[in-house]
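Letter by letter, the chains look like this.
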Amino acid sequence: MERSVQIIGRGKKARRLGAAFLLAAVCLSGCGSEVKDRPYDLETRSVSSEAEEKARLFAADLCVPDDSGAYEDEEITAEAAALFSLSDGTVPYYKNMYEKLYPASITKVMTALVAIRHGNLEDEVTVTEDAVITEAGASLCNIHPGDRLTLEQLLYGLMLPSGNDAGAAIAVHIAGSISAFADMMNEEALAIGATGTHFTNPHGLTDEDHYTTAYDLYLIFNEAMKEPEFRKIEGTTSYYAEYVDSAGETVSQTWKMSNQYLTGEQQAPDGVTVTGGKTGTTQAAGYCLIVSSEAEDGGEYISVVLKADSRPNLYDNMTNLMNKIVN
């Protein structure tokens, strides 16, 4: 069952007002590494009634943590983790939820969101030299300068095999340059209240000024899930792409999803079905994962694990986190 998670007053002006209030209230983007546990502590803030009401509307359908979700759990060994219930707006568990960390390829959730909202999925995109990624170990969907694909195809190449080259191609197509697209990503982050986030690229390769938090990733993923195209892509396990290269020859590829819950390599807890998600791994970020899931009663959840020390431990952490849905 698909549940609507529309925010009241979703227009840009309303969202920016809400984000501005959050920025003033908790200073997520400029108060150092120490961040308060509660992002919406309206009762103890001195604000006008109008600003307070706008902030309440902004947060109406968002998960707001209380102290009950912060506790020691030896089975959660990653640097940061959190479980968000979209059904009742609670955060049943969180650890270092506001710590600024590298998101690696989970960045691509925001890339997809911006592309879906600002692009035309049927557009033909000609890949430029910007898509040539030479960093060792970078994940690619193996497109090349001169290839011509649709924006929709590139989104599958971005999200399934986690193609950094697809991210660059999308960015240049939508905004004209990598830096201009990063500006669009940051504007969208501010508009949805992700004030502990700053992006410098569309793929998540390491940059000291490219960071986010577990809570902000929930905000971004939650916003992306409002887009039917995103939900379709994040839940797809395999995608066949056929397109034309620079010589006019037909090229075909099949891209596979890297989320092991969807591929069947990992099993979610009994009573929980993983419906989508995004992996991310770099040396600096460690092993990262965000997933959407659904319980037997139809309740939807978002789970985030950041900076696990190995892939097996990443999935152990995520499974232990999702166990909290049913236990």
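Scroll up to find the structure.
Everything in this summary refers to the structure shown in the same document. Just so it is clear, the structure is predicted and the values come from calculations on it, not from any experiment. (Residues numbered from 1 in each chain as written. Predicted model: local features only at pLDDT ≥ 70, side-chain atom pairs only at ≥ 80, totals over all residues. Heavy atoms only, no water.)

## What about the overall build of the protein?
Point 1. Looking only at helices and strands, the protein has ten helices and nine strands in total.
Point 2. Counting every position in the protein, which comprises 327 residues, the buried fraction comes to 54%.
Point 3. Sequence-distant contacts in the protein: of pairs separated by 6 or more residues, those separated by 24 or more amount to 64%.
Point 4. In the form shown here, the protein has an accessible surface area of approximately 13600 Å², with 45% of it arising from carbon and sulfur atoms. (Helix = DSSP H or I, 4+ residues; strand = E, 2+ residues; numbered from the N terminus. Buried < 20%, exposed > 50% of the residue type's maximum accessible area, 1.4 Å probe, protein only. Contact = heavy atoms within 4.5 Å. Areas by Shrake-Rupley, 256 points an atom, 1.4 Å probe, with all protein chains shown as cover.)

## Looking at the pairing of strand S7 (residues 272–282)
Point 1. With eight of eleven residues buried, S7 lies mostly within the body of the structure.
Point 2. Of the strand pairs in this sheet, S7 and strand S8 (residues 286–295) are connected by ten bridges, and their pairing is antiparallel. Directly across from threonine 279, in S8, lies its bridge partner leucine 289.
Point 3. What sits between S7 and S8 in their antiparallel hairpin is a turn of three residues. (Pairing = 2+ DSSP bridges.)

## Let's talk about the pattern of salt bridges
Point 1. The final tally for this structure, using the stated rule, is nine salt bridges.
Point 2. With a closest N to O distance of 3.0 Å, glutamate 223 and arginine 117 form a salt bridge. Linking glutamate 223 in helix H7 (residues 214–224) with arginine 117 in helix H3 (residues 107–118), this pair joins segments that are 106 residues apart in sequence.
Point 3. Among the residues examined, glutamate 223 registers a relative accessible area of 1% and is labelled buried.
Point 4. Across the pair lysine 232 and glutamate 229 runs a salt bridge, and its minimum N-O distance is 3.6 Å. Taken as a pair, lysine 232 and glutamate 229 lie in helix H8 (residues 228–234) at a separation of three residues, close to a single helical turn.
Point 5. Bridged by salt links that share partners, the residues Arg117, Glu188, Glu223, Lys226 and Glu227 form one connected network. (Salt bridge = Lys/Arg side-chain N within 4 Å of Asp/Glu carboxyl O.)

## Overview of the packing of H3 against helix H5 (residues 164–175)
Point 1. One way to put it is that H3 packs onto H5 with a least axis distance of 11 Å and a crossing angle of 35 degrees. Classified by chirality, the crossing of H5 by H3 is left-handed. Facing Lys108, Thr111, Ala115 and His118 of H3, the residues of H5 in contact are Asn164, Ile170 and Ile174.
Point 2. Class assignment for the residues of the contact of H3 with H5 results in three nonpolar, three polar and one charged. (Axes fitted to C-alpha atoms, helices over the stretch in contact; angles between N-to-C directions. Left-handed = near helix turned anticlockwise from the far one by under 90°. Nonpolar A, V, L, I, M, F, W, Y, C, P; charged D, E, K, R; others polar.)

## Some points on the sheet that holds strand S9 (residues 300–308)
Hydrogen bonds between backbone atoms are what pair the strands of a sheet, whose relative direction is either parallel or antiparallel.
Point 1. Here we have five strands laid out as an open sheet, ordered S2-S1-S9-S8-S7, and antiparallel in their pairing. Two strands lie at the open edges of the sheet, namely strand S2 (93–95) and S7, each paired on one side alone. Averaged over all pairs of adjacent strands, the angle between strand axes in this sheet comes to 15 degrees, irrespective of strand direction.
Point 2. Sheet analysis places S8 next to S9, joined by seven bridges and oriented antiparallel. Each residue of the ladder has a partner; that of tyrosine 287, found in S9, is alanine 308.
Point 3. Across the sheet, H7 is in contact with strand S1 (80–85), S7, S8 and S9; its angle to S9 comes to roughly 140 degrees.

## Observations regarding the side chain of aspartate 245
Point 1. Within the secondary structure, aspartate 245 is located in the loop between strand S5 (238–244) and strand S6 (250–256).
Point 2. Of the buried charged residues, aspartate 245 lacks a salt bridge, with arginine 148 as the closest side chain of opposite charge at 6.8 Å.
Point 3. Polar side-chain contacts of aspartate 245 include one of 2.9 Å to the backbone nitrogen of alanine 247.
Point 4. A polar contact of 2.8 Å, which involves the side chain of aspartate 245, links it to the backbone nitrogen of glutamate 249.
Point 5. Discounting chain neighbours no more than four positions away, the residues touching aspartate 245 are Gly146, Asp147, Arg148 and Val251. (Lys, Arg positive; Asp, Glu negative; His and termini not counted. Polar contact = N/O pair within 3.5 Å; in protein donor to acceptor, adjacent residues only side chain to side chain.)

## Some words on helix H6 (residues 178–191)
What sets the pattern is the α-helix's 3.6 residues per turn: residues three or four places apart point alike.
Point 1. Its 14 residues place the ends of H6 20 Å apart at the C-alpha level, agreeing with the 20 Å of an ideal helix rising 1.5 Å per residue.
Point 2. When we look at burial in H6, the residues that qualify are Phe181, Ala182, Met184, Met185, Asn186, Glu188, Ala189 and Ala191.
Point 3. The positive-phi residue at the C-terminal boundary of H6 is glycine 193, with phi of around 90 degrees. (Expected span 1.5 Å × (residues − 1).)

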